[in-house]
Amino acid sequence: MASIFDDDINSGSIIPTENMLPDKLLLIPLQSRPIFPGIFTPLMINAPEDVKVVEKAYEEGGFIGIVMLKNDVDNPSAGDMYKVGTAARILKKVNLPDGGINIFVSTVKRFKIRKVLHSSAPIAVAVEYLEEEEADTFEVKALTRALLSEMKEVSENNPLFSEEMRLNMVNIDNPGKIADFIASILNVDKVEQQKILETLNVRSRMEQVLIFIKKEQELLRVQKKIQRELNDRVEKNQREYFLREELKSIQEELGETIGGDATDYQKFKKAIEELKLSGEVLETATNELEKLRMMEPGSSEYMVTRNYLDLICNLPWDTEGSSKMDDFSLAEAQKVLEHDHFGLDDVKKRIVEYLAVRKMKNDSKGSILLLVGPPGVGKTSVGRSIATAMKKPFFRFSVGGMRDEAEIKGHRRTYIGAMPGKIIQGLKITKSASPVFMIDEVDKMGSSHNGDPASALLEVLDPEQNVSFRDDYLDLPFDVSNVFFILTANTLDSIPSPLLDRAEIIQLSGYIDQEKFEIAKKYLIPKNLEKNGLKKGQVKYTKSALMTIAEDYAREAGVRHFEKCLDKIHRKLVTEIVQNADTGNAGSLSLSKGPITIDSPDLAKYLGKPDFDESQIKTAKVPGTAIGLAWTSMGGDTLLLEAVSFAGKGSLVLTGQMGDVMKESSQIAFNWARKYAIQKEIKDAKWFEDNIVHLHIPEGATPKDGPSAGITMATTFVSLLTGKKIKPHLAMTGELSLTGQVLPIGGLREKTVAAKRNKIKTIIIPKANERDLEEIPAYVKEGLKFIPVTDVMQVIEAAF
């Protein structure tokens with residue numbers, strides 16, 4: 001029996017493909033983008049499930065449905081697909097060796113899923129074919145012409161559009177198919193393409209496509225602009241390169257340079273020749289110079305090499321001339337030190353001795369000083385004075401808080417923004433191979449994953465190693481043994497021992513009130529008057545006023561706070577003077593009436609209430625108290641020790657932030673006092689079993705440590721146990737052994753200064769420290785009585 005198709009063929013009629021579309025379709029999911037009707041396109045099918053769908057559809061007439069997935073999923077179902085897709089006919093099928101197939105399809109018509117017959121692979125659905133909403137109007141014709149015109153412009157400027165595409169676009173006569181074809185070849189997001197596929201109204205679809213064409217044109221305009229700028233830049237660089245090569249050839253032929261020594265190459269070449277370098281330094285400099293000659297000036301490597309050569313050419317390589325001392329006068333050096341600083345006789349004496357030895361040896365190797373003292377005593381200014389006395393350039397930098405060794409030794413040149421370390425930078429700045437380098441705050445260096453700066457300083461400061469110091473940036477041996485290094489610190493505790501071994505240590509103690517008075521009169525007042533716009537002699541201070549500032553407002557080791565007080569007074573004076581002048585008020589304060597005198601009663605007006613008064617002077621007024629002397633990084637200080645007892649299970653309680661050493665010292669003192677009390681029948685053993693003794697050192701927020709308060713603690717306990725008060729205005733310092741011996745301590749000068757500042761009249765010290773009294777100036781010891789002791793019993797006799 002013949003089919004209807006045979007009858008149609010025999011009758012000579014052709015059935016359109018659209019009339020052959022089935023009501024049920026097997027679906028192929030697409031992850032990339034939808035395919036529009038009227039397109040002939042190949043499809044690569046790899047998934048085994050999709051291969052089976054194609055095979056089955058090909059056997060049953062060759063029709064399949066192509067639908068885009070909403071999201072990328074591995075095993076899609078009908079719910080993962082859009083509702084609108086395209087029906088297509090398989091024209092050709094080719095099996096591939098890997099099990100996949102390649103098919104060539106002709107898309108026919110839009111459809112909408114009406115009902116899902118099988119939701120998982122193979123996905124089968126009942127469909128409803130969608131008809132376009134034709135609008136054969138002038139607007140549609142106008143839109144058609146606009147689309148073709150705009151696409152012609154896009155396709156001419158885009159090499160991705162082939163001639164075949166242009167011909168296909170012109171030959172399509174249906175407006176809806178023109179819109180579909182253009183949408184399929186434009187670079188549009190797949191979601192937007194799906195929206196176009198779902199738009200049945202031809203006019204609306206064409207308007208959407210026209211918008212995307214305009215966006216594509218704008219993108220092409222920007223692309224062409226960027227391409228044009230890039231081409232211009234490349235052409236310019238090529239042109240400069242060829243001209244530069246021609247210039248080199250001309251210079252080589254003529255044996256001269258255009259513009260004399262203006263070029264970097266000629267400048268560095270001349271500088272290197274004048275430096276008279278040798279060995280590794282000369283070889284490296286020559287190689288870098290030749291590299292510079294071959295590089296393009298616009299390249300980043302050119303600037304790296306140029307900066308490196310600039311550093312080499314600006315360093316003082318002639319160390320032979322610097323190894324000999326400058327012809328300075330020792331008397332002149334003493335004069336400079338005396339002019340710049342009051343007091344500090346011991347420091348000045350040691351510095352002059354040091355300079356005398358350097359002058360006698362006539363070389364400067366192994367020159368490292370370490371100035372140690374509390375803040376504000378003049379460590380930095382002493383270093384500057386040394387440089388002035390030696391007539392050498394001065395360079396200062398601080399290492400306080402430094403955690404990166406690259407600050408000392410530099411960064412490798414491979415890093416962006418690499419720089420030499422502070423040592424090489426200082427040599428470049430001073431332009432001398434034997435300057436004076438001051439390295440401040442060496443006791444405050446830290447360490448991190450970037451290295452340890454203190455360890456990096458060891459090589460710099462070691463006379464045996466620094467003859468060939470290698471900075472990581474320079475990477476050449478440089479002799480820094482002629483540099484006079486001066487280090488400053490507030491304390492020695494946190495400085496590594498190897499660093500201390502390399503330095504000559506000079507201690508700077510704090511100032512007493514009389515010294516502060518002289519410093520203020522000779523240095524601080526003239527300097528501060530000038531700072532605030534006043535002339536010398538316009539403001540005068542009585543001795544009483546300056547002594548009151550030292551005693552009541554600036555009772556620290558240094559003179560920084562003293563200077564701040566003067567600054568505060570002068571600011572308020574200037575403010576009052578200027579206000580009177582502006583208002584025309586000839587007030588009581590005017591420079592026209594002569595110099596302004598500041599006396600003690602005036603200080604409350606300018607500085608407010610005193611920071612210290614008699615109530616803050618530590619005194620042992622009741623039994624169970626004693627005054628001790630302590631040394632801190634801020635200078636000397638006095639400590640008031642307090643002890644009480646109360647009923648409870650016998651023990652010793654310690655408070656006041658004591659360190660481990662001080663706790664051990666307190667236990668020794670308590671045990672000795674207990675033994676003493678039992679032997680002298682002051683207390684019996686049962687009393688110690690039934691009572692708690694509490695020892696406290698006020699200013700509990702301040703950490704305290706060290707053994708030098710040993711005899712003070714023992715005296716405090718004896719005072720508590722006997723009920724006797726110690727003598728007034730008496731302080732003591734000394735380490736106590738378990739057998740009652742008094743051992744030597746350190747920092748006696750600072751402790752003596754602190755005692756005098758706090759109205760102490762008598763100081764008990766270890767006999768072994770008697771030799772240190774010679775180093776304390778007579779005006780500091782004036783009015784003080786020192787009692788040297790060797791045994792704690794002598795302390796008890798002197799204290800009560």
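Predicted model, so just to flag it, every value in this text is computed and none were measured.

K.L.:
Just checking my understanding: could you explain the environment of A755 for this structure?
P.N.:
Summarising the element assignment, A755 is placed in helix α26 (residues 748-757). A755 sits in the buried class, given a relative accessible area of 0%. Here the alpha-carbon distance between A755 and L629, two residues 126 residues apart in the chain, equals 7.3 Å. With near-sequence residues (within four places) excluded, A755 lies in contact with L629, T638, I760 and I763.

K.L.:
It is not clear to me how helix α6 (residues 190-198) should be interpreted in this structure. Could you clarify?
P.N.:
Every α-helical turn comprises 3.6 residues, leaving residues that sit three or four positions apart pointing alike. All of the buried residues along α6 are Q193, Q194, I196 and L197. The buried side chains of α6 occupy one side of the element, clustering within an arc of 160 degrees when seen end-on. Sitting at the head of α6, D189 places a side-chain oxygen 3.2 Å from the backbone nitrogen of V191.

K.L.:
Please clarify how the side chain of Q425 should be interpreted in this entry.
P.N.:
If you trace the backbone, Q425 turns up in helix α16 (residues 422-430). Polar side-chain contacts of Q425 include one of 2.7 Å to the backbone oxygen of P420. Filtering out sequence-adjacent residues up to four positions away, Q425 remains in contact with M419 and P420.

K.L.:
What is the right way to look at the pattern of salt bridges in this model?
P.N.:
A side chain with one charge can pair with a side chain of the opposite charge if their charged atoms come near. Applying the stated criterion across every chain, the model contains 31 salt bridges. Note that R470 and E280 form a salt bridge whose closest N and O atoms lie 2.8 Å from each other. Remark: E280 occurs in helix α9 (residues 279-294) and R470 occurs in strand β10 (residues 469-470); sequence separation between them is 190 residues. Classification of R470 by relative accessible area gives partly exposed; the value is 31%. When the shortest N-O distance is used, the salt bridge between K409 and E459 registers 3.2 Å. You can see K409 sitting in helix α15 (residues 406-409) and its partner E459 sitting in helix α17 (residues 453-461), a full 50 residues away along the chain. Of the two residues examined, K409 and E459, each falls in the buried class.

Cut-offs and rules
Residues numbered from 1 in each chain as written. Predicted model: local features only at pLDDT ≥ 70, side-chain atom pairs only at ≥ 80, totals over all residues. Heavy atoms only, no water. Helix = DSSP H or I, 4+ residues; strand = E, 2+ residues; numbered from the N terminus. Buried < 20%, exposed > 50% of the residue type's maximum accessible area, 1.4 Å probe, protein only. Contact = heavy atoms within 4.5 Å. Arc of directions from axis to C-beta. Polar contact = N/O pair within 3.5 Å; in protein donor to acceptor, adjacent residues only side chain to side chain. Salt bridge = Lys/Arg side-chain N within 4 Å of Asp/Glu carboxyl O.

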